[in-house]
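# Coordinates in review
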Amino acid sequence: MNFDFPLEIIRTERSKSASIEIEDDTVKVTVPQNLSDQRIEELVKNRTVWIRQKLKIQTETIRPKDKEYVNGESFTYLGRNYRLKCTSGDAGEVKLKNGYLTVPLGRGVSGSDFEGSVRQSLKQWYQSRALEKLKEKTKRYASILGVSPQSVDVKEYKSRWGSCSSSGDVTYNWRIIISPHHIVDYIVVHELCHLLEHNHGPKYWKHVQRVIPNYKECREWLKVNGDGLQI
């Protein structure tokens, strides 16, 4: 079989139907023991578009890794990576400049206090930028959708990316600002569409698709990468 991606065929007597899954950048096809090679090739060809989408998402996956908060460490903001630069002297605001996230720390910050101080400074910066960017995006997409949210805020949720109350109060998980622009846009549209349909029925998803045609890819990206959106 001539495909331009790694393919592993698994024949088993326990399987009565064929299934395809992506694991570690390899396409694994599980099929009944007596299924012909021709039929397997047809199955893979018919799912090629889906396979390529899945492989693309995996190559963009953000791998969760515990941060050490040391100079040169990589932090992601709106899908782009920046190097951490900690400076000692007068404390001040975190700044994003010339490819660096610069965290000024007060004199005498060291040892066990150092990591906590850096993390807290970064968290405050991310939350502040998240609120700013999400308000901008909410205003833009609210105009496109013809809705009027009552308020916009950010919080830290454990297992959700946003919420929209029946009264029109929209709240986002600030960590979404770590992801690329198009993912943030999807979350904004996702919440605003609840002002049109306060459910996840077919009408609701039609509203989402009208503004974000590839919303399914965005949703899949979050399933794969969500745990990695950490600082």
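To be clear, the structure that these remarks concern was listed above.
Just so it is clear, the model here is predicted, and its values are computed rather than measured.

Regarding its fold elements, the chain presents 6 helices and 10 strands. The C-alpha radius of gyration computed for the chain amounts to 22 Å, which surpasses the reference 17 Å derived for 231 residues by more than 25%, pointing to a less compact arrangement than a globule. Taken along the three principal axes of its C-alpha coordinates, the chain extends 70 × 45 × 30 Å. Here the chain holds 231 residues, and 42% of them are scored as buried. Considering only contacts within the chain whose residues lie at least 6 apart along the sequence, 47% involve residues at least 24 apart. Only carbon and sulfur atoms are counted for the fraction: they give 43% of the accessible area of the chain, which is about 13,700 Å².

In the structure shown here, the tally under the stated rule is 8 aromatic pairs. Where Tyr-204 meets Trp-205, the ring centres are 4.9 Å apart and the plane angle is 80 degrees; that geometry is what we call edge-to-face. Note on Trp-205: relative accessible area 15%, which makes it buried. Relative to Tyr-215, the ring of Trp-205 has its centre 4.9 Å away and its plane inclined at 15 degrees; by these criteria the two rings are stacked. Highlighted residues: Trp-205 in helix 5 (residues 202–211) and Tyr-215 in helix 6 (residues 215–225), separated in sequence by 10 residues. For the pair formed by Trp-205 and Tyr-215, the shared burial category is buried. The structure contains a cluster of three or more aromatic residues connected by ring pairs, namely Tyr-77, Trp-125, Tyr-126 and Trp-174. A cation sits over an aromatic face here: Lys-67 above Phe-75, 4.5 Å from the ring centre. Here the guanidinium or amino end of Arg-219 rests over the ring plane of Trp-205, the centre of that ring lying 4.8 Å away.

As a further point, take the sheet that holds strand 8 (residues 151–155). Read across the open sheet, the 3 strands follow the order 8-10-9; overall the sheet is mixed. The open sheet terminates on both sides in strands that have one partner only, identified here as strand 8 and strand 9 (162–164). Within this sheet the neighbouring strands show an average axis-to-axis angle of 15 degrees, counted without direction. The pairing of strand 9 with strand 10 (residues 169–173) spans 3 bridges and is classified as antiparallel.

Definitions and limits used
- Residues numbered from 1 in each chain as written.
- Predicted model: local features only at pLDDT ≥ 70, side-chain atom pairs only at ≥ 80, totals over all residues.
- Heavy atoms only, no water.
- Helix = DSSP H or I, 4+ residues; strand = E, 2+ residues; numbered from the N terminus.
- Rg over C-alpha atoms; globule rule 2.2 N^0.38 Å.
- Buried < 20%, exposed > 50% of the residue type's maximum accessible area, 1.4 Å probe, protein only.
- Contact = heavy atoms within 4.5 Å.
- Areas by Shrake-Rupley, 256 points an atom, 1.4 Å probe, with all protein chains shown as cover.
- Phe/Tyr/Trp six-rings, centres within 6.5 Å; stacked < 30°, edge-to-face > 60°.
- Lys NZ or Arg CZ within 6 Å of the ring centre and 35° of its normal.
- Pairing = 2+ DSSP bridges.
- Axes fitted to C-alpha atoms, helices over the stretch in contact; angles between N-to-C directions.

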